[in-house]
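# A closer look at the structure
Residue strings, one per chain:
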Amino acid sequence: MASTLADINSQIKKHDEQIAQLRKQAEELRNQERAGVIEEVRKKIAEYGLTASDLKLTGRGGRRNALAAPAKAAAKYRSPTGETWSGGRGRKPRWVTEALAAGKSLSDFEIK
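Analysis parameters
Residues numbered from 1 in each chain as written. Predicted model: local features only at pLDDT ≥ 70, side-chain atom pairs only at ≥ 80, totals over all residues. Heavy atoms only, no water. pLDDT = per-residue confidence, 0-100. Helix = DSSP H or I, 4+ residues; strand = E, 2+ residues; numbered from the N terminus. Patch = residues over 30% accessible without salt bridge, like charges linked within 9 Å, V, L, I, M, F, W, Y side chains within 5 Å. Areas by Shrake-Rupley, 256 points an atom, 1.4 Å probe, with all protein chains shown as cover. Salt bridge = Lys/Arg side-chain N within 4 Å of Asp/Glu carboxyl O. Buried < 20%, exposed > 50% of the residue type's maximum accessible area, 1.4 Å probe, protein only. Contact = heavy atoms within 4.5 Å. Arc of directions from axis to C-beta. Expected span 1.5 Å × (residues − 1).

### Digging into the confidence of the model for the protein chain
- On average, residues of the protein chain score 86 in pLDDT, and 87% of them reach the 70 mark or higher.
- For the protein chain, strand β2 (residues 84–85) is the element with the lowest average pLDDT, namely 88, and helix α1 (residues 5–48) is the one with the highest, namely 93.

Written out as structure tokens, the structure is:
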């Protein structure tokens, strides 16, 4: 099979055009199927009275499947001004570091 470079390039171009056409067809079919799925989901949502929170859909535009933020840890310490700290998560708040530097202990601020 004696082929020239020009013949091979011509075949590549022809196949690239076919691939582009097939990709376009696939995208059109996907869009049609997607529209059907969306309509089916909307009917089920209406039928069962589902909300975005039921489906765990929150965030921007309703497109994100964002999980709920992790729960805050219960406060273990309270400052004289009412600020609280759970202890152990992240850096110590300023009021804690200042109190410790002034000679106080964490047990002085424990919530009982």
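### Focus: a nonpolar patch on the surface
- Taken together, the side chains of Y48, L50 and L55 define a hydrophobic patch exposed on the protein surface, amounting to about 280 Å² of accessible area.
- The exposure class assigned to Y48 is exposed, which follows from its relative accessible area of 56%.

### Digging into the side chain of S79
- Locating S79 in the fold gives a position in the loop between β1 (77–78) and β2.
- For S79, a relative accessible area of 5% puts it in the buried group.
- Discounting residues that sit within four places of it in the chain, S79 has contacts with W95 and F109.

### Topic: helix α2 (residues 94–101)
- Of the residues making up α2, those classed as buried are W95, V96 and A99. All buried residues of α2 fall inside an arc of 100° around its axis, so they share one side. Facing away from the buried surface of α2 by more than 90 degrees, the exposed residues are R94 and A101.
- Turning to α2, the residues buried within the fold contact β1 and β2.
- Downstream of α2 by one or two residues, G103 has phi in the positive range, about 100°.

### Regarding α1
- The first and last C-alpha atoms of α1 sit 63 Å apart over 44 residues, in line with the 64 Å expected at 1.5 Å per residue.
- Two residues or fewer past α1, G49 is found with a positive phi of approximately 65°.

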